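The chain contents come next:
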Amino acid sequence: MSNIYALKKEGLNETKTHEALKKLLVDRKNEFREISDMILPKTSLEPIKNWEQFVLNFCLDVNEAFKTWSGEMNLNSNSPQKALTILRQLSRNKTSMIQLSHLMNISYDLAKEFKEIYRRL
């Protein structure tokens with residue numbers, strides 16, 4: 001079992017995290033691929049190991065950022081940089097806000113579904 005360091009900082013159990021991610025990927029593999037196409041570099045000759053974990057971590061960041069944007073959480077010193085990074089990653093080569101909001105919705109929904117599966121385990 002590979003380490004999910006970025007997710008451990010949020011207090012998630014590594015075993016439950018792997019199980020929840022595995023269950024989520026059964027139905028949402030296409031959405032994970034769509035997000036990975038936007039946020040992972042395509043210039044690499046070797047595929048990124050554990051890319052699903054990277055995408056999940058990104059989706060959890062989008063979910064957390066939305067809580068800040070909506071006023072549910074207070075701003076912290078990293079909030080502006082995180083928001084700009086999320087927007088720049090998802091906006092790459094997009095021509096409309098509709099395309100951007102589509103990717104943001106997918107990211108947000110994946111994080112919510114993951115959290116629900118994790119909660120049920």
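Residues numbered from 1 in each chain as written. Predicted model: local features only at pLDDT ≥ 70, side-chain atom pairs only at ≥ 80, totals over all residues. Heavy atoms only, no water.

### Concerning the environment of M38
Of note, M38 is situated in helix α2 (residues 14-39). C-alpha separation for the pair M38 and S91, spaced 53 residues apart in sequence, amounts to 8.2 Å. Beyond its immediate chain neighbours, meaning those up to four positions away, M38 contacts Q89, L90, R92, K94 and L103. (Helix = DSSP H or I, 4+ residues; strand = E, 2+ residues; numbered from the N terminus. Contact = heavy atoms within 4.5 Å.)

### Observations concerning unusual backbone geometry
The bulk of non-glycine residues show a negative phi, and the bulk of peptide bonds are trans. Even without being glycine, N93 reaches a positive phi, approximately 65°. Within the secondary structure, N93 sits in the loop between α4 (79-91) and α5 (97-120). For N93, a relative accessible area of 73% translates into the label exposed. (Buried < 20%, exposed > 50% of the residue type's maximum accessible area, 1.4 Å probe, protein only.)

### Digging into the packing of α4 against α5
Between α4 and α5, the shortest axis-to-axis distance is 9 Å and the interhelical angle comes to 115°. Our pair here, α4 against α5, has a crossing hand that is right-handed. Of the residues in α5, those in contact with L87, L90 and S91 of α4 are L100, L103, M104 and S107. Here the contact of α4 with α5 is built from residues that sort into 5 nonpolar, 2 polar and no charged. (Axes fitted to C-alpha atoms, helices over the stretch in contact; angles between N-to-C directions. Left-handed = near helix turned anticlockwise from the far one by under 90°. Nonpolar A, V, L, I, M, F, W, Y, C, P; charged D, E, K, R; others polar.)

### Here we look at the packing of helix α3 (residues 51-69) against α5
The geometry of α3 relative to α5 is characterised by a closest axis approach of 8 Å and an angle of 100° between their N-to-C directions. Judged by the inter-axis angle, α3 sits roughly perpendicular to α5. In this structure, α3 uses L56, F58, C59, L60, V62, N63, F66, K67 and W69 to contact α5, whose residues at the interface are M104, S107, Y108, L110, A111, K112, F114 and K115. Here the residues of the contact of α3 with α5 sort into 12 nonpolar, 2 polar and 3 charged. (Parallel < 35°, antiparallel > 145°, perpendicular 65-115°, else oblique.)

### Quick notes on the side chain of S79
Topologically, S79 is positioned in helix α4. For S79, a relative accessible area of 11% translates into the label buried. From its side chain, S79 meets the backbone nitrogen of N76 in a polar contact 3.0 Å long. (Polar contact = N/O pair within 3.5 Å; in protein donor to acceptor, adjacent residues only side chain to side chain.)

### Section: the packing of aromatic side chains
Applying the stated criterion to the full structure yields 2 aromatic pairs. Taking 5.2 Å as the distance between ring centres and 70° as the angle between the ring planes, the aromatic pair formed by F66 and Y108 counts as edge-to-face. Placement of the pair is F66 in helix α3 and Y108 in helix α5, with a sequence separation of 42 residues. Classification of F66 by relative accessible area gives partly exposed; the value is 38%. Summarising the aromatic geometry, the rings of F114 and Y118 are spaced 5.9 Å apart at their centres and angled 35° between planes, so their arrangement reads as tilted. Placement of the pair is F114 and Y118 together in helix α5, with a separation of 4 residues, close to one helical turn. Positioned over the ring face of Y118 is K16, at 4.5 Å from the centre of the ring. (Phe/Tyr/Trp six-rings, centres within 6.5 Å; stacked < 30°, edge-to-face > 60°. Lys NZ or Arg CZ within 6 Å of the ring centre and 35° of its normal.)

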